[in-house]
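Each chain, letter by letter, is given below.
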Amino acid sequence: MQIKRRCRLVLKGLLWIPFAFLFGCGGGNGGSSTPPESQNNVVQEQERPDNTQPVDARSRCDDKVSEGRLGQVGRWVIDADCRVVILQGVNQISKLPPYTPEAIGFGEDDLNYIASQGFNTIRLGFIWKAFEPEPGQYDTDYLESLYRTAQAASDAGLWVLFDFHQDMYNEKFSGEGFPDWTVFDDGLPNQPDFGFPGNYFLMPALWRAYDHFLDNDQDLAGRPMHDAFAEAWRRVASRIKDVDRLLGYDLWNEPFPGSALALCANPLGCLLTDQDKKLTAVSRQAADAVRAEDDTAIIFYEPFVTFNNGADTAHGGVGDDVSAGMSFHNYCLAKTPGLPGLPLSDAGCGLEEQLVFTNAERQAREKSDTLMLSEFGASNDLVTIERLVNLAAKNRVSWQYWAWWNRDVCCERPEEGIITHPSEPPLAENLNQEKLDVLVRAYPRRVAGVPESYGFDRKNKVFHLTYSTQRADGNGHFPPGSVTEIFVPERHYPDGYQVSVDGGQVLPGSDDRILRIVSYAGVGTVTVKVTQ
């Protein structure tokens, strides 16, 4: 007991190290930075047409996006009409055997409810250990179960981001993800066990396992582990590519830098090591394997998990002529679920959280990649959740809340979920309504141009959107009559709403919950405001 108590004190002390770097090195300045605004090329004097009709924009994207898919142009996800697409949704990963959402009762009723609340995306994924329990032996029944869930999500109208999910490598370290036959810890102790994510800070055996994988050492079958990983991804993509609304592939959830943690937990990231180069090599090989089966979906890579708390990344690109994006997470270290709480104010967490967005924006602009905040929340802290969804809107970033429901290997995590019992129907009494009140928001789903700013004031029930009519690919402006779609939730506007538009008008016949705006001729900027 004394040893464990001392280790808890050490853990608490270690958690302060990144904060010392963040604020001692001026990292907190990221809180006041905002993303550069898109160019607003105002054209000729505004003309109001007598009868504005939506235009057929299908041919205007120059075949950049495959039919039935979303694509990527620089910073943005786009549809087949070259409209910018904003995505908001949830995660559902099953971390315990048999590692399928079907096994916990997650299915069509959940997915239909998620879509009914205005969400348009979900992050699903596979556990490599479940798919390849022995070297070269692949469980196609497992993959088929995941495909059924992904296709059901698509049928409900959700865009699917499909990831390889892992936390703390393997069950040997109270984690999950990697197969047993990839575990090499050089005999180091895996005790004491602080569960997820505490073991990241105090378990050298866990660090060593990541070291061996990043170094591309051989697995028990004598294969380089990156080759084995890429082959698993190729086989997964060969089936998941058939999902109708497939957004893309998230190559590796929360990579960990191994024994280099102490050198990476600072605002500059892993610049004193070559860990980012190793991670980029893994991502590129996996991306090549996926693209051998599917060259239409977006390939998302992730930075090291230290990025979640304000450390920067030097992850390279995943290849030439690849539709690519960075999937990243945002958790204030002082309030990370499963770690000892630290006395950092909400204002301090806000600085750290904005720094994460600032770093992500820099990466997107340097690599010309899109962005997805694929995890945040994981708690019942509604103040933090609302601060993050507001920051995501301020930074014009799509998001997926963690999680619809979750249980970790180490322990129950009821506070992370939206639904209490996933095996039971998503009825009001089985759902966290207060959390849904925060997460369900008015937002622009498809923008005929580039969003310059948008946001939702939940307290006052006010939504605003300003967008340029310039195309995201830079090839001129959208013509008059191009349609922008805004989701307006009944949850916040049960008695209807009022709309004011500058530079366009509401398209007659708009659905109560999908507000459709068309732009006028000669307009460079459209502004929309929704109130009670």
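Residues numbered from 1 in each chain as written. Predicted model: local features only at pLDDT ≥ 70, side-chain atom pairs only at ≥ 80, totals over all residues. Heavy atoms only, no water.

Here the protein averages 90 in pLDDT, while 89% of its residues score no lower than 70. Predicted confidence is poor over residues 1–47, with pLDDT under 50, and the contacts of this stretch with residues over four places away or in other chains come to 94 contacts. (pLDDT = per-residue confidence, 0-100. Contact = heavy atoms within 4.5 Å.)

Take the sheet that holds strand β4 (residues 88–91) next. Around the barrel, eight strands lie side by side as β4-β5-β6-β7-β8-β9-β10-β11; this closed barrel has parallel pairing. Taking each pair of neighbouring strands and ignoring which way they run, the sheet shows an average axis angle of 30 degrees. In the sheet, β4 pairs with strand β11 (residues 398–401) via three bridges, with the strands oriented parallel. For Val-90, the partnering residue across the bridge sits in β11 and is Tyr-401. Here helix α4 (residues 140–155) sits on the sheet in contact with β5 (121–126) and β6 (159–164), set at roughly 175 degrees to β5. (Pairing = 2+ DSSP bridges. Helix = DSSP H or I, 4+ residues; strand = E, 2+ residues; numbered from the N terminus. Axes fitted to C-alpha atoms, helices over the stretch in contact; angles between N-to-C directions.)

Our focus in this paragraph is the pattern of salt bridges. A complete count under the given rule lists 41 salt bridges for this structure. With a closest N to O distance of 2.9 Å, Asp-167 and Lys-95 form a salt bridge. Note that Asp-167 is positioned in the loop between β6 and α5 (195–202) and Lys-95 in the loop between β4 and α2 (108–116), a separation of 72 residues in sequence. The pair formed by Asp-167 and Lys-95 is uniform in burial state, with each residue classed as buried. Here Lys-129 makes a salt bridge to Glu-171, at a shortest N to O gap of 3.1 Å. Highlighted residues: Lys-129 in helix α3 (residues 128–131) and Glu-171 in the loop between β6 and α5, separated in sequence by 42 residues. According to the relative accessible area criterion, Glu-171 is partly exposed, its value standing at 24%. (Salt bridge = Lys/Arg side-chain N within 4 Å of Asp/Glu carboxyl O. Buried < 20%, exposed > 50% of the residue type's maximum accessible area, 1.4 Å probe, protein only.)

One open sheet accounts for four strands, arranged β13-β14-β19-β16; its pairing is antiparallel. In this open sheet, the two edge strands, each paired with only one partner strand, are β13 (450–457) and β16 (498–502). Going across the sheet, the axis of each strand differs from the next one's by a mean of 10 degrees, ignoring polarity. Where β13 meets strand β14 (residues 462–468), seven bridges bridge the pair, whose relative direction is antiparallel. When the sheet's bridge partners are listed, Pro-451 is paired in β14 with Tyr-467.

With that out of the way, let us pick up the environment of Pro-255. Structurally, the position occupied by Pro-255 is in the loop between β7 (246–250) and α8 (261–264). When the C-alpha positions of Pro-255 and Thr-306 are compared, they lie 8.9 Å apart, and in sequence the two are 51 residues distant. Ignoring anything within four residues of it in the chain, the contact list for Pro-255 reads Gln-166, Leu-279, Glu-302, Pro-303, Phe-304 and Val-305.

Our next topic: the pairing of strand β15 (residues 483–487). The element β15 is extensively covered by neighbouring structure, given that five of its five residues are classed as buried. Along β15, one buried face is formed by Val-483, Glu-485 and Phe-487 and the opposite face, lined by Thr-484 and Ile-486, is buried too. By the bridge criterion, three bridges tie strand β12 (residues 443–447) to β15 in an arrangement that is antiparallel. Within β15, the position partnered with Pro-444 by the bridge is Ile-486.

Moving on, we get to a negative patch on the surface. Side chains of Glu-108, Asp-109, Asp-155 and Asp-244 sit close together on the surface and give a patch of like negative charge. Take Asp-109: it is sitting in helix α2. For Asp-109, a relative accessible area of 35% gives the class partly exposed. (Patch = residues over 30% accessible without salt bridge, like charges linked within 9 Å, V, L, I, M, F, W, Y side chains within 5 Å. Areas by Shrake-Rupley, 256 points an atom, 1.4 Å probe, with all protein chains shown as cover. Lys, Arg positive; Asp, Glu negative; His and termini not counted. Charge placed at Lys NZ, Arg CZ, Asp CG, Glu CD.)

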